[in-house]
Amino acid sequence: MHPADRVRFATETARAVLDERLEPSEAAAALALQVEQLVPQLRSDRDTVTRSEAETVATTLRLLAEQVNDRSAEHGDPDARAAIAEMLGRLGQVLR
C-alpha cells in the first residue's frame, strides 16, 4: 500500500483539528491508536515506494504537525496539540 493512503486517517484527523471540526483531545486519542498500528506497516511500505514518494508523505506529515502545533497558542489545548504534532512527526520519521 502507498504510504499516503496508509496515513490518510492521520492527515485527515490533523486537518479536522486545524479546521476545528474535531477536538484536539479526541484526535490525540484516535491518533495514538493509529500510530501503534501504522508504524510497522509504514516501515514495510517504505521499501515498496521510491525515496521521493516516501519523502513527500513525510514532508506532508511534518508540515501538518507544525501547523497543529503552531495553532496551540491561539486555539487552546496545547498538550493535546503537541501530542498530535509528535505523533505525526513520528509517522513521518518512519518514512525517512
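Source: prediction; values computed, not measured.

Asks: When you look at the overall build of the protein in this model, what are you seeing that I'm missing?
Replies: Of regular secondary structure, the protein possesses six helices and zero strands. The secondary structure elements of the protein, listed N-terminal to C-terminal, are α-α-α-α-α-α. Relative to its length of 96 residues, the protein is compact, with a C-alpha radius of gyration of 13 Å against a globular reference of 12 Å. Each principal axis of the C-alpha atoms in the protein carries an extent, and together these give about 40 × 20 × 20 Å. Restricting to contacts in the protein with at least 6 residues of sequence separation, those with at least 24 account for 81%. With the model as given, the accessible surface of the protein reaches about 5300 Å², and the carbon-plus-sulfur share is 48%.

Asks: What is the right way to read a negative patch on the surface from this model?
Replies: A cluster of acidic side chains, namely Glu20, Glu23, Glu26, Asp70, Glu74, Asp77 and Asp79, defines a negative patch on the protein surface. Looking at the secondary structure, you find aspartate 70 in helix H4 (residues 51–70). Judged by relative accessible area, aspartate 70 falls into the exposed class, the value being 56%.

Asks: Would you mind going over the environment of isoleucine 84 with me for this structure?
Replies: Mapped onto the fold, isoleucine 84 is located in helix H6 (residues 78–94). When its relative accessible area of 0% is taken as the criterion, isoleucine 84 is described as buried. Note: C-alpha distance between isoleucine 84 and alanine 32 (52 residues apart in sequence) is 8.3 Å.

Asks: Please explain unusual backbone geometry as it appears in this structure.
Replies: Most peptide bonds take the trans form, and the phi angle of most residues other than glycine is negative. Although it is not a glycine, glutamate 20 sits at a positive phi angle of roughly 60°. Relative to the helices and strands, glutamate 20 is located in the loop between helix H2 (8–18) and helix H3 (24–46). Here glutamate 20 falls in the exposed class, since its relative accessible area comes to 53%.

Asks: It is not clear to me how the nonpolar core should be interpreted in this structure. Could you clarify?
Replies: Nonpolar side chains tend toward joint burial in soluble globular proteins. Membership of the largest hydrophobic core comes to 28 residues, with the highest contact counts inside it found for Leu42, Leu61, Ile84, Leu88, Leu91 and Leu95. Of all the elements in the fold, those that place two or more residues in this core are H2, H3, H4 and H6. If sequence neighbours within four positions are ignored, leucine 42 has contacts with Pro3, Arg6, Val7, Leu91, Val94 and Leu95.

Asks: Looking at this structure, how should I read H2?
Replies: Side chains three or four residues apart in an α-helix point the same way, a direct result of the helix having 3.6 residues per turn. Taken as a whole, H2 has its buried residues at Ala10, Thr11, Thr13, Ala14, Ala16, Val17 and Leu18. Summarising the contacts, the buried residues of H2 are in contact with H3, H4 and H6. Just past H2, the residue glutamate 20 takes up positive phi, approximately 60°.

Definitions and limits used
- Residues numbered from 1 in each chain as written.
- Predicted model: local features only at pLDDT ≥ 70, side-chain atom pairs only at ≥ 80, totals over all residues.
- Heavy atoms only, no water.
- Helix = DSSP H or I, 4+ residues; strand = E, 2+ residues; numbered from the N terminus.
- Rg over C-alpha atoms; globule rule 2.2 N^0.38 Å.
- Contact = heavy atoms within 4.5 Å.
- Areas by Shrake-Rupley, 256 points an atom, 1.4 Å probe, with all protein chains shown as cover.
- Patch = residues over 30% accessible without salt bridge, like charges linked within 9 Å, V, L, I, M, F, W, Y side chains within 5 Å.
- Salt bridge = Lys/Arg side-chain N within 4 Å of Asp/Glu carboxyl O.
- Lys, Arg positive; Asp, Glu negative; His and termini not counted.
- Charge placed at Lys NZ, Arg CZ, Asp CG, Glu CD.
- Buried < 20%, exposed > 50% of the residue type's maximum accessible area, 1.4 Å probe, protein only.
- Core = buried A, V, L, I, M, F, W, Y, C linked by side-chain atoms within 4.5 Å.

None of this, on its own, says anything about what the molecule does.
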